[in-house]
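Below, each chain spelled out in residue letters.
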Amino acid sequence: MARAVTTQRKALNTAVAWIIGLLIFFPILWTILTSFKTEADAIANPPVLFAFDWTLENYAEVMERSNYGRFLSNSIIIAGGSTILGIIIAVPAAWSMAFVPSKRTKDILLWMLSTKMLPAVGVLYPIYLLCIQLGVLDNRFALVVILMLINLPIIVWMLYTYFKEIPGEILEAARMDGASLKEEILYVLTPMAVPGIASTLLLNFILAWNEAFWTLNLTSVDAAPLTAFIASYSSPEGLFFAKLSAASTMAIAPILILGWFSQKQLVRGLTFGAVK
Amino acid sequence: MSSKTLIRTTSALALCLTASAALAQDTTITIATVNNGDMIRMQGYTDQFTEATGIAVEWVTLEENVLRQRVTTDITTNGGQFDIMTIGMYETPIWGANGWLVPLDNLSEEYNVDDILPAMRGGLSHEGTLYAAPFYGESSMVMYRTDLMEAAGLEMPEAPTWQFIREAAAAMTDRENDINGICLRGKAGWGEGGAFITAMSNSFGARWFDMDWNAQFDTQPWLDTLTFFEGMMSESGPAGYATNGFTENLNLFNQGLCGMWIDATVAASFVTNPEDSEVADSVGFALAPDNGLGVRSNWLWAWALAIPAGTQQSDAALQFIEWATSSDYIELVAENEGWANVPPGARTSLYENPNYISVPFAQMTLDSILSADPNNSTVEPSPYVGIQFAAIPEFAGIASEVSQEFSAFYAGQQTVEEALANAQAITSEAMEAAGY
């Protein structure tokens, strides 16, 4: 029987949800507001929330100093490329683990996840040397491959979880109707798992977009994405908080917009199979 | 000279110029640098260099610690990502000794290498060979509020002692109005609080190592240094000073919340800039304090441009370095932005220029730089070069950990004895492992 929810309880839940939401959003709001302040207002004590002289000077200066378009296009190529490549590899992997499991499937899944436990800096030198040998330092394709490999365990895990929710009998029926393996995955499994695949795509795109260790260490000019763009405004010496905030706002804006428009799919995918 | 020879010489010269111009047109150099005011300003003038030489410049600007990690990875693996690296006085002699940098021994006559301040040249050389050209240099000094000092009925001597600084800080402190008598770095990190306390400890007679490379944190001068620092900051420092570094203190000072601030001389142009500072018209300067032991507590540092050995474009890189660290560049900045904004502390001629020496902090900056000697930085003899650091590869790692112990003491998380015992253990262990 469904539990009756009182109006007061509903109002309380809503208020708590709003407070938590605002708390989570506050640092982003603060960054956006600071980007419209002068450097002096950005460090004013006590801090000013809205009552300051709004200026676009920081954006103008950032645009003048940096080639934003190049950083943005690199971010799109690297994050998009690594996500698509990851999905292409992960879908068959997750399919085999979900529908044709072996005795070691769970061990393999755990082992894959354990690669995420190694601190990235631990393999910096080997990867760096490999990139030198292959001549792919400061190269977008190298970053596409590296970020794909980093995120692959998460992609496989997420897809495996979604695929497990799909009844195996449906695939069996397809097979009995004469579907090949490729057709089974492409025309039967994939359409049913679209919400899960979409949320996996989005989540990995965000992870790759925000990745700031390899993208800083393996790039200099040609392949540098928006993480390098932000880093170029970070400074322990001098007053550049407002410019740093403007650069950060410009770097997160595309992903915020993407997240805003795709939030329904994201929530649907993340809660896929949660209620039975 | 015969007409034939003249024609031949002229033709050869024209051919060389055409060839070098053609070569230069296709040349792009990549420079890794830190994000600070002087470096950003230089980026703004790069077009003039490109116009004059045809050499295009790509900048990779990073925060200091990220830059350090980035360029270290590249130079140790011979990655060749950068044609010029911005490095400091700590890295230059070590990297030069390892053969990772191109020696700057073929600078042109017009560049006038002898004009570089001797302290800077010495700190950026290894065995007499210059490996990096200073873009700007700095020491540390006392920056103080003249109005608060006057209100406290005190007069700042040109060369104060630590005791005077402590008494003045207590007299200037006004807790009701949030005014702290003194703001100093307590933040963990070898380049942050670690640099300050090491320079301060020199004036108390402390040193990092004895002549046999044994750690010295179990000695009385270190106990005196830390006890004095913590006592003074508790009396007159800002709340949470254990997490304050350069930027935090700069912000506090510019907002009028510090009576005194002892830090990099390069900050003088920030605190006297009315656009950023609320107290720009009431700032005075003095030498960093001492304890009458013959060593002051000021440091010496330079951000310098060096050419990594792995570059394919060392000629173009050298051309850029000559341009960016020349007297002509200083004049270019002075012409466009005023003398107070030129990169300081690198060239002797700058301090002979009447236009510059009339800038309020110029003479004190020069005096501070000249009073710093990286080869004799401690009261007792020490085996290392460097004032706020010891120029050995192990230092950065050790000092980062040691400064964390000190910051934990400032924050009240452990006693001074515990902090020093931990520092002694960390340093001894690391030095033993490194084979000293």
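Residues numbered from 1 in each chain as written. Chains lettered and ligands numbered in written order. Predicted model: local features only at pLDDT ≥ 70, side-chain atom pairs only at ≥ 80, totals over all residues.

**Quick notes on the overall build of chain A**
Then comes step 1: Secondary structure summary: chain A contains 14 helices and zero strands in total.
Then comes step 2: Of the regular secondary structure in chain A, the N- to C-terminal order runs α-α-α-α-α-α-α-α-α-α-α-α-α-α.
Then comes step 3: Counting only C-alpha atoms and orienting by the principal axes, one finds that chain A spans roughly 70 × 65 × 30 Å.
Then comes step 4: Counting across all 276 residues of chain A, residues that qualify as buried make up 33%.
Then comes step 5: Here the analysis covers contacts within chain A between residues at least 6 apart in sequence; of these, 79% occur between residues at least 24 apart. (Helix = DSSP H or I, 4+ residues; strand = E, 2+ residues; numbered from the N terminus. Buried ≥ 20, exposed ≤ 12 C-beta atoms within 10 Å, placed from the backbone. Contact = placed C-beta atoms within 7 Å.)

**Description of the environment of A:Ile108**
Residues and elements named next belong to chain A.
Then comes step 1: Residue placement: Ile-108 occurs in helix H5 (residues 105–114).
Then comes step 2: By C-beta crowding, Ile-108 is classed as partly exposed, having 14 other C-beta atoms within 10 Å.
Then comes step 3: C-alpha separation for the pair Ile-108 and Met-97, spaced eleven residues apart in sequence, amounts to 9.2 Å.

**What about the domain arrangement of chain B?**
Residues and elements named next belong to chain B.
Then comes step 1: Split by domain assignment, chain B resolves into domain 1 (20–131 + 301–357) and domain 2 (139–299 + 372–433).
Then comes step 2: Domain 1 and domain 2 are separated by 29 Å when their C-alpha centres are compared.
Then comes step 3: Counting from both sides, the interface comprises twelve residues of domain 1 and, opposite them, twelve residues of domain 2.
Then comes step 4: Among the elements of the structure, helix H5 (91–97) and helix H6 (118–123) are those that each provide at least two residues to the side of domain 1 that touches domain 2.
Then comes step 5: With three residues, H6 is the largest single contributor of residues to the side of domain 1 that touches domain 2.
Then comes step 6: For the side of domain 1 that touches domain 2, the per-class residue count stands at seven nonpolar, four polar and one charged. (Domains from an automatic or database assignment. Nonpolar A, V, L, I, M, F, W, Y, C, P; charged D, E, K, R; others polar.)

**Quick word on helix H4 (residues 68–99) of chain A**
Then comes step 1: With 32 residues, H4(A) should cover 46 Å at 1.5 Å per step; its first-to-last C-alpha distance of 45 Å lies within 8% of that length.
Then comes step 2: In H4(A), a bend of some 30° at A:Ala90 exceeds every other bend along the element, and A:Pro92, a proline, comes one to four places later. (Expected span 1.5 Å × (residues − 1). Bend = angle between axes of the 7 residues up to and from the residue.)

**Focus: the interface of chain B and chain A**
Then comes step 1: Contacts between the two partners involve 23 residues from chain B and, on the opposite side, 25 residues from chain A.
Then comes step 2: Going through the elements one at a time, strand E2 (56–62), helix H4 (64–76) and helix H11 (246–254) of chain B are the ones with two or more residues in the side of chain B that touches chain A.
Then comes step 3: Partitioned by chemical class, the residues of the side of chain B that touches chain A number five nonpolar, 13 polar and five charged.

**A short note on unusual backbone geometry**
Then comes step 1: Despite not being glycine, A:Asp138 has its phi angle at roughly 55°, a positive value.
Then comes step 2: The partly exposed category is assigned to A:Asp138, around which 18 C-beta atoms lie within 10 Å.
Then comes step 3: Phi at B:Glu127 takes a positive value of approximately 50°, unusual for a residue other than glycine.
Then comes step 4: Here B:Glu127 is to be found in the loop between strand E4 (125–126) and strand E5 (129–130).
Then comes step 5: For B:Glu127, a count of 7 C-beta atoms within 10 Å translates into the label exposed.

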